[in-house]
Protein chains: 2
Amino acid sequence: MTTKYVYNFATNASEGGAKMKNLLGGKGANLAEMGALGIPIPPGFTISTDVCTYYYQNAGKYPEELAEQVRASLAFLEAQMDAKFGSDGQPLLLSVRSGARVSMPGMMDTVLNLGLNDKAVEGLIRQTGDPRFAWDSYRRFVQMFGDVVLQVRPATEDDHDPFELEIEKMKRECGVEQDVDLKWEDLKTLVARFKEVVRVHTGEPFPEDPMQQLWASIGAVFGSWGNERAMIYREMNGFDHDWGTAVNVQAMAFGNMGEGCATGVGFTRDSGSGEKRPNGEFLLNAQGEDVVAGIRTPWELTLADSRMRARDMGMDEATRLTEYPSLEELMPDMFGQLMEIYGRLESHYRDMQDVEFTIQKGKLFMLQTRVGKRTGFAAVRIAVDMFDEGLIGPEEALMRVTPDQLDQVLKPIFNPSDKALALKAGRSLSRGLPAGPGAASGRIVFTARAAEAASKASSDPIILVRQETSPEDIKGMRLAVGVLTARGGMTSHAALVGRQMGKVCVVGCAELAIDYAAKQVVVNGKTLGEGDWISLDGFTGQILEGRIETVDSEVLEAVMQGRAPRDNQDIYYHYTRLMTWADEFKRLAVRTNADEPEAARMAVLNGAVGIGLCRTEHMFFSGERILAVRQMILADTLEERELALAKLLPMQRLDFKGIFKEMDGLPVTIRTLDPPLHEFLPHGDEGVVAMAQELGLDVQRVRHKVETLTESNPMLGHRGCRLGNVYPEITAMQARAIFEAAVEAQAEGARVFPEIMIPLVGHVNELTGQREVVEQAARDVFAERGSSVEYLVGTMIELPRAAVTANQIAEVAQFFSFGTNDLTQTAMGISRDDAGGFLGYYQEHGIFPDNPFASLDIEGVGELVRIAVERGRSTKPDIKLGICGEHGGDPASIHFFHQVGLSYVSCSPPRVPVARLAAAQANLLEKNAN
Amino acid sequence: MTTKYVYNFATNASEGGAKMKNLLGGKGANLAEMGALGIPIPPGFTISTDVCTYYYQNAGKYPEELAEQVRASLAFLEAQMDAKFGSDGQPLLLSVRSGARVSMPGMMDTVLNLGLNDKAVEGLIRQTGDPRFAWDSYRRFVQMFGDVVLQVRPATEDDHDPFELEIEKMKRECGVEQDVDLKWEDLKTLVARFKEVVRVHTGEPFPEDPMQQLWASIGAVFGSWGNERAMIYREMNGFDHDWGTAVNVQAMAFGNMGEGCATGVGFTRDSGSGEKRPNGEFLLNAQGEDVVAGIRTPWELTLADSRMRARDMGMDEATRLTEYPSLEELMPDMFGQLMEIYGRLESHYRDMQDVEFTIQKGKLFMLQTRVGKRTGFAAVRIAVDMFDEGLIGPEEALMRVTPDQLDQVLKPIFNPSDKALALKAGRSLSRGLPAGPGAASGRIVFTARAAEAASKASSDPIILVRQETSPEDIKGMRLAVGVLTARGGMTSHAALVGRQMGKVCVVGCAELAIDYAAKQVVVNGKTLGEGDWISLDGFTGQILEGRIETVDSEVLEAVMQGRAPRDNQDIYYHYTRLMTWADEFKRLAVRTNADEPEAARMAVLNGAVGIGLCRTEHMFFSGERILAVRQMILADTLEERELALAKLLPMQRLDFKGIFKEMDGLPVTIRTLDPPLHEFLPHGDEGVVAMAQELGLDVQRVRHKVETLTESNPMLGHRGCRLGNVYPEITAMQARAIFEAAVEAQAEGARVFPEIMIPLVGHVNELTGQREVVEQAARDVFAERGSSVEYLVGTMIELPRAAVTANQIAEVAQFFSFGTNDLTQTAMGISRDDAGGFLGYYQEHGIFPDNPFASLDIEGVGELVRIAVERGRSTKPDIKLGICGEHGGDPASIHFFHQVGLSYVSCSPPRVPVARLAAAQANLLEKNAN
């Protein structure tokens, strides 16, 4: 039996189909599929990837059968097109393209008009009656073939292209400025000179034999699979070198053969809004690349779009009819065919399509169809509409929307045209790390104090610009719409807190030179001062000068209002449908990281089913509390410390009560004090002196205490449960506040489920002691109040030691919550605050595949999570397992957490919908894999 | 068959022996053993631990057979002693003691003189003719029985003991000051009053029936096994609650029955020097506790000792004969018997014994024998002497010396009497962590500069006192004999570098309040200034005021001279024998951490077989180098940086060449640059300005650069291979220096085996790049020099991520060296520099069993080592595995490293002998376990 290496494709005569992607490559399989659907396409054939594999295993030779199979397919093409390869009558012209199973840069792209030679060009002239078209086609073919197949290229990057030099020379000789001003005779001369260029460069004459042209092109495609750029690309993406590429040989269709010719592109639905509104653009008498090139302004396919755009341009209907007509009007028959094909493609592919077509002398050919790129809004709308149309099921609809697309729907964005204008005007300043999505424009402030002053003075939005942020900047961050820092990574303080607050946040822009004293920032040679407008794109990290209008997310507004969708044209309708499915199909629960009732409320509206991390220290900063906190820290005796703690108790109780009432019926995980105590003290001697005076303490003593508390590596210092173990009275106060608040909230009708979480446990003994303190507080409060609540005591797993001894810790912990921020820092030995010096370099140079603080390092940090899950369960099979690091809102990380079998992820309130979708997708992927 | 619960012991009539420790407890088994050896002991019997178990399983009941067995053994005792229990003729008096398999605080101790009642006391008077002795014995019995058996005790700690109150009252009534002034009639009255106290407290009369007394005492012993203190002790030590205690009932022997009576203690050899010189002390007509109590000065057993001490006291022979005679002279027969028993005990137990004896009216009884405590010197000498005497084999000799004892032999110590005087004079100031063993006395300096000045001005030793040390203090540390810091743990900079340099080092003494400006330190209310004498005991962490004479280690002197032992009385003879065995029996190789030829030489003399860690950064600090290093750091371009590196190259080459030549034939592991660059920059703006001026750079620019390099958590910052990856030119320079040095050293006849070690690798990609840089340098140098050397490239495993991905890293690494200092820091999330705030508390409160920086945390950090070993070997089964953290010199850690199968440990030069011994012991323990 002979092996089949060559597969024909043609309208109603394809030998392959979409499912044969591995053998025919993506392009070949799709062309075959379109043909099989009866959609008009220029016929052609695909040489399979097996030939590529053979080629590399046999030192560049082809299988014996190949030549005969190619000859047979060529005959099939000639019959289909009623033309002859190399003929001077009706010449068959071909395109040759590579096509692997996934699209891949670095490989040979395209040779067009193959089959032209001195004889065939005469046939083309005869056929079209247009010698300029024919000689120009020939000229282009020689140039393209010379470049991509024969590699006639400039010797160095600084040299000029030898073909372009000839064109320039010819234009000088003819005294013309533009290519289009060259006459057909000039082009004919140019063909001859191009051939001479080839002869000089290769030492061989340009191949006149079309078969020789064809085989050389096929060889060039296979050869390009093994070139360096393609190899590197595959290695970077983990693609297999053995996959190989296919070669697609296709008859040319010309949209530029004069009357009755056109070419265009289009989407079956609106790629911006997702509305079911077929659309597209076209040019009369043009080649495909002309539409994209933007030299001529393309016209709209539909009458409706034509009228709308004309109105935008201030064009009256009469002018429109002559200067801006639609295909619908000009070629109603072709338009009708195209719309019918749109419908057929959508019902076949069950997704919005991005198509290319050519009309050659009144005959429509589809050149390409592929899934259309779309905005977040369109992705959500199309997925749900297609479900409503019966095209897809809910699982498929869920898989159609990426988490990032969903996020887009929830964020304010820049008015696109306003932003485009700004970019055109050269107002782009620099780019940082996109740490908090959304768009924000505001007046620059450099300090929290200035933020307060500016807010009082005017209602203009403000943007806080800092070297890096610290807890002292929180008030300023709260007042700002956006935060910009020169230092810090994706999980620096600014990024973490900014995201938590839902602020637009761009961090780690090293190009900013901030001078606090002068109240100005210099970036890229421009100096901006306090009060100047600046704009941050939190999606891309772009930083722009001046003000750019932002547009609110309609969906988020609806979510926060809790309103019902208006109708099935309301994007909020699509959003709610999608999120309902997400909840139906996910296994992971999604909780939120929230420290305040307001944030908790937003998270619940966003679909959170509990709080996974309530940080208690943020509550310590406001107003008078910080005084009591500082009193506690500076206390010399247990009695002094308990006195200060007694002041904090009612405040903490109030905080917790508010949260419990807000989270009625849902679990609330509260973490005991975590940061090192010096974080609560002022910086600088001036602040220390002021503090001592405010508290009526001896300055010298306070200075000494502050000095004592200073740490070389605060991240690894006296913090977390180490505070609670050395000062059990702090944990006791916090536990008491929690239980008193819980009992009170319960008395007022709320159902409360406190889960008390001990941070930074490394050794089980650290948890044992803290659990005893918490349980004692519970017994005391329940006895005093004559009422009790159910509660759990668990721990964070955020140290490698905790992960590998999870079996021991599980004996005492009722739940684990993975603190993947700190676990990443300790497992990798990288301080997120100091990673700036090398992390960027590492990502750029491929040393790290990703930023491990944005997306969990699954191989390393994930391995510790896996070990901890396994060991924790070996002790307590049903232990509750969650994760409350920033990775809880990262889709790739969520997939891992699903796989490893956690019970829930917890993320910032705005990320909750994204996490719900990612959790559903993780479950569906797992389901489909099994 | 009846179960045997009671075992008699007596001279030549024991039913048990030393091997029955689990059943008879330690004390019972040893008494039985002595009896079986024919050594005279007061006879008795042991109630087995099985009874204790039965007692707890049956709610305080005894097995049925017990009563009869106790009766039978009592009859045996009466026969042995020719006395009758409770008789007014020849009354049998007993002691009752607890005795578990290990000695254990918290349990009932001893009841003496049991069997006395109103009748038996008359018998005792008749027997001794001494009514005062008899009534006093009775009085003591009632008090002791009342206290430990009947628990007649003060109600609270503040209350007075009811028995003592009676004594006070009686003395007031009699108008006497001292107990001894009470007459026998008073004592008789006191017995009656004591009994009344018992009746009032217990509601029962004092038991007159001796059998009742006996059973109550037995019950009290068993009951005390379950008391809280004993339970806690067992839990803390991991002892099993099921072990149970035995009860020992033994006939009383009296050393205080008048003429021909004595009591004493002794050692079969000198416990201080280990010399074979039997010795001991005794008192005529006294009870055992009197010797220890120190009210009367005991006399020497031997004539030789008696003469020597008398000479010391300036006593002439005539006076000595009357005031300070020896047992050898007073009771030559008893002395002879005792010496004969000494010999028998040594040959039986094959170890130096610590004994107690009593002579009752010319009859010698041994009360106890146990292995004698000894100094390090004695341990080494005794082990080797006993081998020479044919008592033990080399393996046993090796197990007889603890690593700490060996270390003692190598260290200078305080002249013991000088230190004792200082303590008596109240010159103890405080206590820190003993980070570098030895003893040192010197004048205080507070800065490296002052150290230099002081060294030039005088030859007095100096001690550097600092808040904490940094690399800038190294010069000062080198000049000092000791280092004292207020901050930092066992692996702080001061501790690490101090130990490395062999300095006496006490760190983390938080009580020091150092005022650099005033050049003084205040501790415990005392103020010491620059130039004042201070003394550090690096064995204990003690800090003393003033000067204390130190005594050099004779062994170390001999090692460094490489001399031969003088004779078999030379401690150096014993040391070398022991170390030869250690090398014979160990499997782990012992290398050293050394950065300089001098340190390397010392390590080799100490038995190191290679360098496991040569830090290259220490070489960067001296003289002009620091300038070039700073130039490199402040460089803005690659060219500037390479210029500075070119200056460093010849200096580094010289360093390495010296080390290669010193280590001729041995492997040298060199670590590439590790610390963050800012460690090489001056602190404070003044230093920055000076540096800028020195280098001719713009101050503002330098300030900015220094600011940029500042890190929040330098430990987790831009250091280790992250430097080499971002600035490959640094690694390239270092590699070139290594290979040039290696080739040159080889040309001069040295055999060189460089092993290049890349620090802080977390991801295999970080190693791949660095290995390429190193290999390129090797190729370049070998080509230029026309000569090559064998070398390896490996990595440190010091991050948890590296441990769990060791399988990937092993694909690129030719060896692993565990950096357990950093691995401990990252695995536990504890900065060694900041651990002061809680680590002490954690150890005190049993949260951490040990200081994890001194002794490896085997459960946690060790688990990561185990995972890394397993995964590394899964990729490369024969990969070379070592450890170069400070734990490489810690015996417990060495045992673990042996178990886990490493190839070598590397430690500071002075620790090498200790590591060799620990390695041998680890192997022997493993051998014996299998």
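Residues numbered from 1 in each chain as written. Chains lettered and ligands numbered in written order. Predicted model: local features only at pLDDT ≥ 70, side-chain atom pairs only at ≥ 80, totals over all residues. Heavy atoms only, no water.

### Some remarks on the overall build of chain A
Along chain A, the regular secondary structure elements total 38 helices and 33 strands. Each of the three principal axes of chain A carries a C-alpha extent, and together these read 105 × 65 × 55 Å. When burial is assessed residue by residue, chain A has 57% of its 930 residues classed as buried. The long-range fraction of contacts in chain A, counting pairs at least 24 apart against all pairs at least 6 apart in sequence, stands at 68%. Charge-centre separation for chain A: the mean point of 95 positive side chains lies 2 Å from the mean point of 129 negative side chains. (Helix = DSSP H or I, 4+ residues; strand = E, 2+ residues; numbered from the N terminus. Buried < 20%, exposed > 50% of the residue type's maximum accessible area, 1.4 Å probe, protein only. Contact = heavy atoms within 4.5 Å. Lys, Arg positive; Asp, Glu negative; His and termini not counted. Charge placed at Lys NZ, Arg CZ, Asp CG, Glu CD.)

### Regarding the relation of the copies chain A and chain B
For the pair chain A and chain B, the best superposition has an RMSD of 0.4 Å and corresponds to a rotation of 179° with a translation of 0.2 Å parallel to the axis. This pairing of chains is accounted for by a two-fold axis. A share of 100% of the interface residues of chain A reappears at the interface of chain B, consistent with the copies meeting face to face through the same patch. (Least-squares fit on C-alpha atoms with pLDDT ≥ 70 in both.)

### What about the environment of Ala79 of chain B?
Residue and element names in this part refer to chain B. Position of Ala79 relative to the elements: it lies in helix H3 (residues 66-81). A residue is classified by how much of its surface remains accessible, and Ala79, at 58% relative accessible area, is exposed. Sequence separation between Ala79 and Cys509 is 430 residues, and the spatial gap between their C-alpha atoms is 62 Å.

### Focus on the confidence of the model for chain A
The share of residues in chain A with pLDDT of 70 or more is 99%, and the mean pLDDT across the chain is 92. Model confidence for the complex is summarised by a pTM of 0.81, with the ipTM given as 0.81. (pLDDT = per-residue confidence, 0-100.)

### Focus: the pattern of salt bridges
Throughout the structure, instances matching the rule amount to 139 salt bridges over all chains. Among the salt bridges present, the one from Arg153 of chain B reaches Asp147 of chain B, with a minimum N-O distance of 2.8 Å. Accessibility expressed as a relative area gives 38% for Arg153 of chain B, which makes it partly exposed. With relative accessibility at 28%, the residue Asp147 of chain B sits in the partly exposed group. For the salt bridge of Lys880 of chain B with Glu755 of chain B, the shortest nitrogen-to-oxygen distance reads 2.4 Å. Separated by 125 residues along the polypeptide, Lys880 of chain B in strand S32 (residues 880-883) and Glu755 of chain B in strand S29 (residues 753-758) bring together distant segments of the chain. Note on Lys880 of chain B: relative accessible area 27%, which makes it partly exposed. Linked through salt bridges whose partners overlap, the residues forming this network are Arg653, Lys657, Lys661, Arg736, Glu740, Glu744, Glu748, Glu784 and Arg785 of chain A. (Salt bridge = Lys/Arg side-chain N within 4 Å of Asp/Glu carboxyl O.)

### Here we look at the pairing of strand S18 (residues 482-485) of chain B
Residues and elements named next belong to chain B. Both faces of S18 are covered, namely the face carrying Gly482 and Leu484 and the face carrying Val483 and Thr485. Pairing of strand S17 (residues 462-466) with S18, which is carried by 4 bridges, proceeds in the parallel orientation. Its bridge partner lying in S18, Arg466 is registered against Thr485. (Pairing = 2+ DSSP bridges.)

### Brief notes about the sheet that holds strand S12 (residues 363-371) of chain A
All names here are of chain A. With respect to topology, 5 strands assemble into an open sheet ordered S10-S9-S8-S11-S12, the strand pairing being antiparallel. Looking at which strands have only one partner, the edges of the open sheet turn out to be strand S10 (299-300) and S12. Sheet strands touched by helix H14 (residues 332-349): strand S8 (262-267), strand S9 (279-284), strand S11 (353-360) and S12. Its angle to S12, the strand with the most contacts, is close to 30°. (Axes fitted to C-alpha atoms, helices over the stretch in contact; angles between N-to-C directions.)

### Observations concerning the pairing of strand S21 (residues 520-523) of chain B
Residues and elements named next belong to chain B. Side chains Val521 and Val523 of S21 all project onto a buried face; the interleaved residues Gln520 and Val522 project onto a face where none is buried. Relative to S21, strand S20 (residues 513-515) is paired through 3 bridges, and the arrangement is antiparallel. Pairing of Ile514 across the sheet is with Val521, part of S21. The hairpin formed by S20 and S21 contains 4 residues between the paired strands, and Lys519 there has a positive phi angle of roughly 50°. Hairpin connection from S21 to strand S22 (residues 526-529): 2 residues lie between these consecutive antiparallel strands, with Asn524 at a positive phi of about 50°.

### Section: the interface of chain A and chain B
Contacts between the two partners involve 47 residues from chain A and, on the opposite side, 48 residues from chain B. Linking chain A with chain B are 8 salt bridges, by the criterion used here. Applying the counting rule to chain A against chain B returns 32 residue pairs in polar contact (both at pLDDT 80 or more). Looking at the side of chain A that touches chain B, the elements with two or more residues in it are helix H29 (721-726), helix H31 (764-785), helix H32 (800-804), helix H34 (820-828), helix H35 (839-844) and helix H36 (861-875) of chain A. When grouped by side-chain class, the residues that make up the side of chain A that touches chain B number 19 nonpolar, 16 polar and 12 charged. (Polar contact = N/O pair within 3.5 Å; in protein donor to acceptor, adjacent residues only side chain to side chain. Nonpolar A, V, L, I, M, F, W, Y, C, P; charged D, E, K, R; others polar.)

### Brief notes about the sheet that holds S22 of chain B
Residue and element names in this part refer to chain B. The strand order S20-S21-S22 describes an open sheet built from 3 strands, whose pairing is antiparallel. The strands lining the two open edges of the sheet, one partner per strand, are S20 and S22. Taking the axes of each pair of neighbouring strands and ignoring which way they run, one obtains an average angle of 20° across the sheet.

### Focus: the packing of aromatic side chains
All told, the structure shown has 48 aromatic pairs over all chains when counted by the stated rule. Look at Phe739 of chain A and Tyr791 of chain A: their rings are 4.7 Å apart centre to centre, the planes differ by 65°, and that puts the pair in the edge-to-face class. Highlighted residues: Phe739 of chain A in helix H30 (residues 728-747) and Tyr791 of chain A in the loop between H31 and strand S30 (792-797), separated in sequence by 52 residues. Taken individually, Phe739 of chain A and Tyr791 of chain A each receive the classification buried, so the pair is uniform in this respect. Seen in terms of ring centroids, Tyr55 of chain B and Phe222 of chain B are 5.6 Å apart; in terms of plane orientation they differ by 35°. Their pairing is tilted. A residue pair is termed long-range when its members are at least 10 positions apart, and Tyr55 of chain B in helix H2 (residues 49-57) and Phe222 of chain B in helix H8 (residues 210-225) qualify at 167 residues. Given the relative accessible area of 16%, Tyr55 of chain B is considered buried. The class for Phe222 of chain B is buried, based on a relative accessible area of 0%. By way of ring pairs, the aromatic residues Tyr55, Tyr56, Tyr62, Trp215 and Phe222 of chain A are connected into one cluster. Looking at Lys4 of chain A, its charged tip hangs above the ring of Tyr7 of chain A, at a distance of 4.9 Å from the centre. (Phe/Tyr/Trp six-rings, centres within 6.5 Å; stacked < 30°, edge-to-face > 60°. Lys NZ or Arg CZ within 6 Å of the ring centre and 35° of its normal.)

### Some remarks on helix H9 (residues 228-237) of chain B
Working note: α-helix, 3.6 residues per turn, so residues spaced by three or four point in the same direction. Measuring from the backbone nitrogen of Arg229 of chain B back to the side-chain oxygen at the start of H9 of chain B gives 3.2 Å, which picks out Asn227 of chain B as the cap. In the stretch just after H9 of chain B, Gly238 of chain B is the one whose phi turns positive, near 70°.

### Here's the deal with the packing of helix H26 (residues 638-662) of chain A against H30 of chain A
Residue and element names in this part refer to chain A. Running from N to C, H26 and H30 cross one another at 35°; their axes reach a closest spacing of 7 Å. Between H26 and H30 the crossing geometry is right-handed. Across from Leu638, Arg641, Glu642, Leu645, Leu648, Leu649, Gln652, Arg653, Phe656, Lys657, Phe660 and Lys661 in H26, the residues of H30 making contact are Glu729, Ile730, Met733, Gln734, Arg736, Ala737, Ile738, Glu740, Ala741, Ala742, Glu744 and Ala745. For the contact of H26 with H30, the residue count by class is 13 nonpolar, 2 polar and 9 charged. (Left-handed = near helix turned anticlockwise from the far one by under 90°.)

### Let's talk about the state of the cysteines
All names here are of chain A. In total, this model carries 0 disulfides over all chains according to the counting rule given. Cys884 takes part in no disulfide bond, and the closest cysteine sulfur, belonging to Cys907, lies 11 Å away. With relative accessibility at 3%, the residue Cys884 sits in the buried group. (Disulfide = S-S within 2.5 Å.)

### Points about the side chain of Asn8 of chain B
Residues and elements named next belong to chain B. Note that Asn8 resides in strand S1 (residues 6-9). Side-chain polar atoms of Asn8 contact the side chain of Ser73, separated by 2.6 Å. Sequence-distant contacts of Asn8, that is, excluding residues within four places in its chain, are made with Ala13, Ser14, Glu15, Gly16, Gly44, Phe45, Ser73 and Phe76.

### A look at unusual backbone geometry
All names here are of chain B. With phi around 50°, Ala59 is a residue other than glycine that occupies positive phi space. You can see Ala59 is positioned in the loop between H2 and H3. The residue Leu760 is not glycine, and still its phi comes out positive at about 60°. Tracing the sequence through the fold places Leu760 in the loop between S29 and helix H31 (764-785).

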